[in-house]
Amino acid sequence: PTSTFPTAAAVEVPSSFTNVYLSGQVPPLQDAAAPKNSAAAYGGDTKGQTIGVLKAIEKSLTGLGLTMGDVVKMQVFLVGDPAKDNKMDFAGFMEGYTQFFGTTAQPRLPVRSTREVAGLVNPAYLEENEVTAVRPAKSKYPPRRYEWRSSHNFRLSAAAAGPKIPPVGARAVVRTVQFNGKQE
């Protein structure tokens, strides 16, 4: 209760709220002139990449009618920075993170776990973040759910009456998701 560390010790969400899970976000391309396999292309150091990731998360949330203040949980994956003897740059991460959480403009704090990982999908990425946000029940944006398709892929759609049951033998394909007919 007396900690000044900018994360929540716990978050309790009323049952009337809807959970919104965002996929892991990696740093967006920030310098197209830099080699695609270099950290410089994605914001440079951990602080720069953190800011890029959190701006991208903020944009996704805005598109869903949410804000960073609606984030209740964050999972952070940091890669050792070659410029820091291949150790994760937690201080650099915190410099970026504290621009979005625990500020005067946005004082809410999520629960958070941070871990060092051996690598991410692109060797230039120093970070990936996943967040869970919540939406009050009385929102102009309807909850979303996954509907099963005959191709055994699933797509995100507006809420409809009743749950869809997957066909017998169907299996979720975690990485192959269709949005608006495009394979992601």
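Residues numbered from 1 in each chain as written. Predicted model: local features only at pLDDT ≥ 70, side-chain atom pairs only at ≥ 80, totals over all residues. Heavy atoms only, no water.

K.L.:
What exactly am I supposed to notice about unusual backbone geometry here?
P.N.:
The backbone of aspartate 85 sits at a positive phi, close to 55°, despite the residue not being glycine. Assignment of secondary structure puts aspartate 85 in the loop between β2 (71–79) and α2 (90–97). Taking relative accessible area as the criterion, aspartate 85 reaches 68% and is therefore assigned exposed. Phi angles above zero are rare outside glycine, and asparagine 86 is one such case at about 60°. Tracing the chain through its elements places asparagine 86 in the loop between β2 and α2. Judged by its relative accessible area of 52%, asparagine 86 falls in the exposed class. (Helix = DSSP H or I, 4+ residues; strand = E, 2+ residues; numbered from the N terminus. Buried < 20%, exposed > 50% of the residue type's maximum accessible area, 1.4 Å probe, protein only.)

K.L.:
Explanation requested: helix α1 (residues 46–63) in the structure shown.
P.N.:
Residue pairs spaced three or four apart in an α-helix point in one direction, given the helix's 3.6 residues per turn. Given a rise of 1.5 Å per residue, 18 residues ought to cover 26 Å, and the 26 Å separating the end C-alpha atoms of α1 matches this to within 8%. Within α1, the full set of buried residues consists of Thr46, Gly48, Gln49, Thr50, Ile51, Gly52, Val53, Leu54, Ala56, Ile57 and Leu61. In this structure, the buried side of α1 is in contact with β1 (18–25), β2, α2 and β4 (127–135). Once α1 ends, the next one or two residues include glycine 65, with phi positive near 80°. (Expected span 1.5 Å × (residues − 1). Contact = heavy atoms within 4.5 Å.)

K.L.:
Explanation requested: the pattern of salt bridges in the structure shown.
P.N.:
Between side chains of opposite charge, a pair can form when the charged atoms approach closely. Considering all chains together, one arrives at 2 salt bridges under this definition. Across the salt bridge formed by glutamate 95 and lysine 47, the nearest N and O atoms sit 3.5 Å from each other. You can see glutamate 95 sitting in helix α2 and its partner lysine 47 sitting in helix α1, a full 48 residues away along the chain. Residue arginine 108 is joined to aspartate 70 by a salt bridge in which the shortest nitrogen-to-oxygen separation is 3.9 Å. Placement of the pair is arginine 108 in the loop between α2 and β3 (111–117) and aspartate 70 in the loop between α1 and β2, with a sequence separation of 38 residues. (Salt bridge = Lys/Arg side-chain N within 4 Å of Asp/Glu carboxyl O.)

K.L.:
What exactly am I supposed to notice about the nonpolar core here?
P.N.:
Leu54, Ile57, Leu61, Met68, Met74, Phe93 and Phe101 are the most contacted members of the largest nonpolar core, which totals 20 residues. The dominant element in this core, judged by the number of residues it contributes, is α1, at 5 residues. Once residues within four sequence positions are removed from consideration, phenylalanine 93 is found in contact with Thr46, Thr50, Met74, Val76, Leu78, Arg112, Thr114, Glu127 and Asn129. Grouped together as the second largest cluster of nonpolar side chains are 8 residues, Val26, Ala41, Tyr42 and Leu120 included. (Core = buried A, V, L, I, M, F, W, Y, C linked by side-chain atoms within 4.5 Å.)

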